[in-house]
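One letter stands for each residue in the lines below.
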Amino acid sequence: AYVDFQSYITALFCIYARKAMVLKLNSIRKSYRTNEGKVSVLNDVSLTLFAGETLALRGESGSGKSTLLHIAGALELPDEGSVEIGGKELSKMDDTGRAAVRRKDIAIVFQHFNLIPSLNVAANINFQASLSGPVDKIKLEKIVSSLRLTDQMEKYPEALSGGQQQRVAIARALVTEPKLLLADEPTGNLDEQSAESVLEQMLTLVAETNTALMVVTHSRNVAARMDKQLRLIGGRLK
């Protein structure tokens, strides 16, 4: 009976962990001032993303996808509305608090990889991981192996293909064990075969680590692989 009770508690914990809310955007509004006047980019945007859940955000160029990604990633604050990461409301924090959330809870994979050219693959990955605390070497090795980077660790970014550079960017993001992974056109610069391979590996690792994933993409194929799809039209989610 004791074993059964322990198993029951463990199962409940696993269910709770997988369903824990990671990202909550509530009535987000954002506008910018230009020479032509005030331009509204986001208008009453709300969404919720849970641990282990994947979401594709689509929309035309200039629809506000990148702005929404930056707000979700604590890089910008909205004009109105609230942003919660793991239950912590960003508007109630100072710059230091928001920076700590970015380091510990959020990772971003940019479209153009943003690798440090003067560092080899191992140093690129470890540099990012060191900002969040001690590196778990076992998890690092698993991620590197899953992304087929084991033989590339001593190489510099310029010696890598586009697909390999994107894998390094994903490894660098996931080794920090973020609650939320944000990816901006993660396969946009890759050929079809490399894109499919990188996407498959990223989704596998996200599932294994129970990470919430939001992907900004123009690709219908990428969007179709996510649990949910939303479109930004006229500053609103559809």
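Residues numbered from 1 in each chain as written. Predicted model: local features only at pLDDT ≥ 70, side-chain atom pairs only at ≥ 80, totals over all residues. Heavy atoms only, no water.

Turning our eyes to something else, we now look at the nonpolar core. Soluble, globular proteins show a tendency: their nonpolar side chains are buried together. Ile125, Leu181, Met202, Leu213 and Met226 are the most contacted members of the largest nonpolar core, which has 38 residues in total. Taken together, the elements giving at least two residues each to this core come down to strand E6 (106-109), helix H4 (121-130), helix H5 (137-146), helix H6 (162-174), strand E7 (180-184), helix H7 (192-209), strand E8 (212-216) and helix H8 (220-224). The biggest single contributor to this core is H7, with seven residues. Once you skip the residues sitting within four places of it in the chain, Met202 turns out to touch Ile170, Leu181, Pro186, Leu213 and Val215. (Core = buried A, V, L, I, M, F, W, Y, C linked by side-chain atoms within 4.5 Å. Buried < 20%, exposed > 50% of the residue type's maximum accessible area, 1.4 Å probe, protein only. Helix = DSSP H or I, 4+ residues; strand = E, 2+ residues; numbered from the N terminus. Contact = heavy atoms within 4.5 Å.)

This next bit is on the pairing of strand E2 (residues 37-50). Here strand E1 (residues 21-34) pairs with E2 via 11 bridges, running antiparallel. Bridge assignment links Leu25 to a residue of E2, and that residue is Leu47. What sits between the antiparallel neighbours E1 and E2 is a turn of two residues. (Pairing = 2+ DSSP bridges.)

Attention shifts here to the confidence of the model for the chain. Caution is warranted with low-pLDDT regions, since their predicted coordinates should not be read in detail. Mean pLDDT over the chain works out to 88, with 92% of the residues at or above the 70 mark. Within the model, pLDDT remains below 50 along residues 9-16, and this stretch shows zero contacts once partners closer than five positions in the same chain are excluded. (pLDDT = per-residue confidence, 0-100.)

Let us now look at the sheet that holds strand E4 (residues 80-85). One open sheet accounts for four strands, arranged E2-E1-E4-E5; its pairing is antiparallel. Each of the sheet's edge strands pairs with one partner strand only, and the pair in question is E2 and strand E5 (88-89).

Glancing now at the sheet that holds strand E3 (residues 54-59). The six strands are arranged E6-E7-E8-E3-E9-E10 in an open sheet whose pairing can be described as mixed. Only two strands of the sheet have a single neighbouring strand rather than two, namely E6 and strand E10 (236-237). The pairing of strand E9 (residues 228-233) with E10 spans two bridges and is antiparallel. Within the sheet, the bridge partner assigned to Ile233 lies in E10 and is Arg236. Contacting E6 and E7, helix H3 (residues 95-105) runs over the sheet at an angle of about 70° to E6. Here H6 sits on the sheet and contacts E6 and E7; the angle it forms with E6, its principal contact strand, is near 175°. (Axes fitted to C-alpha atoms, helices over the stretch in contact; angles between N-to-C directions.)

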